[in-house]
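# A structural walkthrough
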Amino acid sequence: MNKKGLFITFEGVEGAGKTTLIKKLVAFFTEKQRDVFLTREPGGSELGKKLRSIILNADEKICPSAELFLFLADRSQHVEECIKPALKAGKIVLCDRFIDSTIAYQGYGRGMDIAQLTNFNTVATGGLEPHLTFLLDLLPERGLKRAKERNIEQNLTIDEGRFEAEALQFHQKIREGFLALAEQKKRFFIVNAEQDAEQVFCIAKQYLEENFLL
Ligand code: TYD
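Overview of the structure. (Residues numbered from 1 in each chain as written. Predicted model: local features only at pLDDT ≥ 70, side-chain atom pairs only at ≥ 80, totals over all residues. Heavy atoms only, no water.)

Our focus in this paragraph is the nonpolar core. Residues Ile8, Leu25 and Phe134 are the most contacted members of the largest nonpolar core, which totals 45 residues. Leaving out residues up to four positions away in the same chain, leucine 25 has contacts with Phe10, Leu94, Phe134, Phe201 and Leu208. (Core = buried A, V, L, I, M, F, W, Y, C linked by side-chain atoms within 4.5 Å. Buried < 20%, exposed > 50% of the residue type's maximum accessible area, 1.4 Å probe, protein only. Contact = heavy atoms within 4.5 Å.)

The next subject is the sheet that holds strand S4 (residues 132–137). Reading across the sheet, the 5 strands line up as S2-S3-S1-S4-S5 and stay open at both edges, with parallel pairing between neighbours. Since the sheet does not close on itself, it has two edges, and those belong to strand S2 (36–40) and strand S5 (188–192), each with one partner. Strand-to-strand twist across the sheet, computed as the mean angle between neighbouring axes with direction ignored, equals 20°. Sheet topology note: the S4/S5 ladder contains 5 bridges and is parallel. The partner of leucine 135 across the bridge, within S5, is isoleucine 190. (Pairing = 2+ DSSP bridges. Helix = DSSP H or I, 4+ residues; strand = E, 2+ residues; numbered from the N terminus. Axes fitted to C-alpha atoms, helices over the stretch in contact; angles between N-to-C directions.)

All right, on to the site of the ligand then. Taken together, 17 residues surround the ligand, and among them Glu14, Lys18, Arg97, Thr102 and Gln106 come closest. Here an oxygen atom of the ligand and a side-chain polar atom of arginine 97 are 2.7 Å apart. Glutamine 106 places a side-chain nitrogen or oxygen 2.8 Å from a nitrogen atom of the ligand. Protein contacts shield 95% of the accessible area of the ligand, which totals 540 Å² for the unbound molecule. Considering each element in turn, the shell around the ligand owes the most residues, 4 residues, to helix H4 (residues 99–109). Here the residues of the shell around the ligand sort into 5 nonpolar, 3 polar and 9 charged. (Near = heavy atom within 4 Å. Polar contact = N/O pair within 3.5 Å; in protein donor to acceptor, adjacent residues only side chain to side chain. Areas by Shrake-Rupley, 256 points an atom, 1.4 Å probe, with all protein chains shown as cover. Nonpolar A, V, L, I, M, F, W, Y, C, P; charged D, E, K, R; others polar.)

Spanning 14 residues, helix H6 (residues 140–153) covers 20 Å between terminal C-alpha atoms, matching the ideal 20 Å at 1.5 Å per step. Buried residues of H6: Pro140, Gly143, Leu144, Ala147 and Asn151, and no others. Along H6, the residues classed as buried sweep out an arc of 95° about the axis, all on the same side. Exposed side chains of H6 directed beyond 90 degrees from the buried face belong to Lys145, Ile152 and Glu153. The first or second residue beyond H6 is asparagine 155, which carries a positive phi of 60°. (Expected span 1.5 Å × (residues − 1). Arc of directions from axis to C-beta.)

This is the structure:
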């Protein structure tokens, strides 16, 4: 019998360690012989890859509403083309950032109206919500330090740095936004991302095992 799909998203400030956790969870699910679909926003679909290179190019002057609609266009295509079919096929979908990033970055960060953004998100997703959202929480100054080290290590240019280049205060607002969302929505599970990567993984794994039939 086909197993039911499971939709898990990962959120947090820059450098919180989402990528590392996701990699460990892919190995965990694969060991359990579950079919995993790994994806991210922006950039999950073919159209999204083109949008991602526009959005994250820090040289490009993009006004806040244009930036918002690029993220939403990416999400609309991603849900239709990738996420819905993967869930229908019974896969475990692991998505690096989703609707909550729009509320945190464009809402809390850029100051756009949260209620309106929530409606736009619903248009983009057709109402699809994750079953579970891991929020990797840590102080933005710690995250930014990690993100900078990663950029240097991976030889990334400014191209990957539109948001990393923002002032610390911007990232503090984003963290507040994520924490406010986590209080409102039951699907959130907050993990203290100050801990080392293996500890973060163990906590996430335990939560999954206790709350979802895997
Ligand atoms: P990315 O390189 O994927 O960053 P990270 O590794 O931190 O996830 O870049 C995505 C950036 O886009 C990130 O700074 C968050 C931002 N973002 C938004 O502002 N709004 C959104 O809706 C999404 C999905 C991402």
